[in-house]
Amino acid sequence: MALKESVVISLSNLSYKEKMAIQFMRNKSAGLQPTSQRAVAEKFGLSAMYVNTVINGKQHGKKSDEWRKKFAAYAGME
């Protein structure tokens, strides 16, 4: 049980990019969408390059924060 708790604690220290990558893998295993940044881009009508810069944290500001929340909700993280 202690091992499981330490894994949960360490997951909370992951970056947004790492959390999204894990969620994409989980979705793929479960047969759910989205499974990639490209799928997120298609859903929201954005370029794959822009989605990549937002997820990787290279895009800053209020609008990119809003996009990160939308991407997380769509991926099933919230």
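A short tour of the structure in this document, coming up. Since the model is a prediction, treat every value here as computed from it, not as a measurement. (Residues numbered from 1 in each chain as written. Predicted model: local features only at pLDDT ≥ 70, side-chain atom pairs only at ≥ 80, totals over all residues. Heavy atoms only, no water.)

## Here we look at the overall build of the protein
What the protein contains, in helices and strands, is five helices and zero strands. In the protein, the succession of helices and strands from N to C terminus is α-α-α-α-α. Among the 78 residues that make up the protein, the fraction classed as buried is 23%. Taking as baseline every contact in the protein between residues at least 6 positions apart, the subset at least 24 positions apart corresponds to 41%. Put simply, the protein shows about 5400 Å² of open surface, and 57% of that area lies on carbon and sulfur atoms. (Helix = DSSP H or I, 4+ residues; strand = E, 2+ residues; numbered from the N terminus. Buried < 20%, exposed > 50% of the residue type's maximum accessible area, 1.4 Å probe, protein only. Contact = heavy atoms within 4.5 Å. Areas by Shrake-Rupley, 256 points an atom, 1.4 Å probe, with all protein chains shown as cover.)

## Let's talk about helix α2 (residues 16-30)
Between its first and last C-alpha atoms α2 spans 21 Å; for 15 residues at 1.5 Å apiece the expected length is 21 Å, and the two agree. When α2 is considered as a whole, its buried residues turn out to be Met-20, Gln-23, Phe-24 and Asn-27. An end-on view of α2 places all buried positions within 105° of arc, on one side of the element. Exposed side of α2, more than 90 degrees from the buried face: Met-25 and Ser-29 are the residues found there. Of the surrounding elements, those touching the buried residues of α2 are α3 (37-44), α4 (48-55) and α5 (62-75). Two residues or fewer after α2 comes Gly-31, characterised by a positive phi angle close to 75°. (Expected span 1.5 Å × (residues − 1). Arc of directions from axis to C-beta.)

## Observations regarding the packing of aromatic side chains
Considering all chains together, one arrives at four aromatic pairs under this definition. Between the aromatic rings of Phe-44 and Trp-67, the centroid separation amounts to 5.6 Å while the plane-to-plane angle is 75°, which identifies the pairing as edge-to-face. With Phe-44 in helix α3 and Trp-67 in helix α5, this pair connects stretches of sequence that are 23 residues apart. Looking at Phe-44, the relative accessible area reads 24%, which means it is partly exposed. Trp-67 gets classed as buried once you look at its relative accessible area, which sits at 12%. Ring-pair connections join several aromatic residues into one group, and the members of that group are Phe-44, Trp-67, Phe-71 and Tyr-74. Here the basic side chain of Lys-70 rests over the ring of Trp-67, its NZ or CZ set 4.7 Å away from the ring centre. (Phe/Tyr/Trp six-rings, centres within 6.5 Å; stacked < 30°, edge-to-face > 60°. Lys NZ or Arg CZ within 6 Å of the ring centre and 35° of its normal.)

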